[in-house]
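# Observations on the three-dimensional arrangement
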Amino acid sequence: MAKNPSESDGAGLTRVPAGLVVLVGPPASGKSSFVRALIARRQIDEDAVVSSDEIRAEFVGTSPTEADSDAADGRIFEERDRRIVARLAAGRTAVAESTNVTPQARIRLIAIARRFNAPVTMLRFDPDLGALLQQHAGRGRTDITAADVRAYAAVMARHAGADQLRSEGAHAVHDVPGRRQGATPAEAAAHFSFT
């Protein structure tokens, strides 16, 4: 697991400070399941999670034509940023739940965190293509194709290594255990403590 030793309590529990938590992973990598487990375990409150998929559903519903437009994307990410700013301005944790596999996506988020001197913790989700495609096939989503999943995984493999994330401004980078490690979302959530 790519982690900073100073942030582990010695018993394998990784402490995540209040600030901006950026989830980094392709579609179907377990990000949503992980945050649902964190909420169920009362490690974070539901309002801490700022999900671009949920904002997309609020703004455009399930209409593929509207959801795929550049104008819709602009509005969705402006709203995501607004919600993150509101939480960080109040001194509360914000969890940015979207793929965040490109440097451009992360740089935008890091710039917001810097405005509030908030630490940035990046949680990486395994881009194992076989597991991703298996998970994707079971999800029944029509807005993302298997080709999309492959493309996101390839981008993550090239542009979201732990060293690169730190060089972009992450204070800490942690790999979230998942299917490859035999961990359920609840078991993965149990590895973390949010302050």
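Look a little higher up for the structure.
A brief structural summary. Just so you know, these numbers come straight off a predicted model, no measurement behind them.

Turning next to the nonpolar core. Core analysis: the largest hydrophobic core is formed by 27 residues, its most contacted members being Leu20, Val22, Ile84, Leu88, Val120 and Met122. Going through the elements one at a time, strand 2 (20-24), helix 2 (52-60), helix 4 (70-89), strand 4 (94-97), helix 5 (103-115), strand 5 (120-125) and helix 8 (162-168) are the ones with two or more residues in this core. At five residues, the largest contribution of residues to this core is made by helix 4. For Leu88, the residues in contact, after removing those within four places along its chain, are Gly19, Leu20, Ala94, Ile112, Ala113, Phe116 and Ala118. Counting 18 residues, the second largest nonpolar core, distinct from the first, contains Ala48, Val49, Val176 and Phe192.

What follows deals with the packing of aromatic side chains. Following the criterion strictly, the structure yields two aromatic pairs and no others. Ring centres of Phe34 and Phe125 lie 5.5 Å apart, and the angle between their planes is 75°; on these two criteria the pair is classed as edge-to-face. Here the residue Phe34 occupies a position in helix 1 (residues 31-40), and Phe125 occupies one in strand 5, the gap between them amounting to 91 residues. We classify Phe125 as buried; its relative accessible area is 4%. The interplanar angle of 80° and the centroid separation of 5.7 Å between the aromatic rings of Phe34 and Phe192 together place this pair among those described as edge-to-face. Note that Phe34 is positioned in helix 1 and Phe192 in strand 7 (residues 192-194), a separation of 158 residues in sequence. Residues Phe34 and Phe192 agree in their burial class; the two are buried. By the ring-pair criterion, three or more aromatic residues cluster together here, those being Phe34, Phe125 and Phe192.

Okay, the pattern of salt bridges next. Evaluation of the coordinates by the stated rule reveals 13 salt bridges. Put simply, Arg108 and Asp81 hold a salt bridge, and the shortest N to O gap is 2.5 Å. You can see Arg108 sitting in helix 5 and its partner Asp81 sitting in helix 4, a full 27 residues away along the chain. You can call Arg108 partly exposed: its relative accessible area is 36%. Residue class for Asp81 comes out buried when judged on its relative accessible area of 11%. Of the charged contacts, one joins Arg106 and Glu168 as a salt bridge, the two residues approaching to 2.6 Å between their closest N and O atoms. Linking Arg106 in helix 5 with Glu168 in helix 8, this pair joins segments that are 62 residues apart in sequence.

Definitions and limits used
Residues numbered from 1 in each chain as written. Predicted model: local features only at pLDDT ≥ 70, side-chain atom pairs only at ≥ 80, totals over all residues. Heavy atoms only, no water. Core = buried A, V, L, I, M, F, W, Y, C linked by side-chain atoms within 4.5 Å. Buried < 20%, exposed > 50% of the residue type's maximum accessible area, 1.4 Å probe, protein only. Helix = DSSP H or I, 4+ residues; strand = E, 2+ residues; numbered from the N terminus. Contact = heavy atoms within 4.5 Å. Phe/Tyr/Trp six-rings, centres within 6.5 Å; stacked < 30°, edge-to-face > 60°. Salt bridge = Lys/Arg side-chain N within 4 Å of Asp/Glu carboxyl O.

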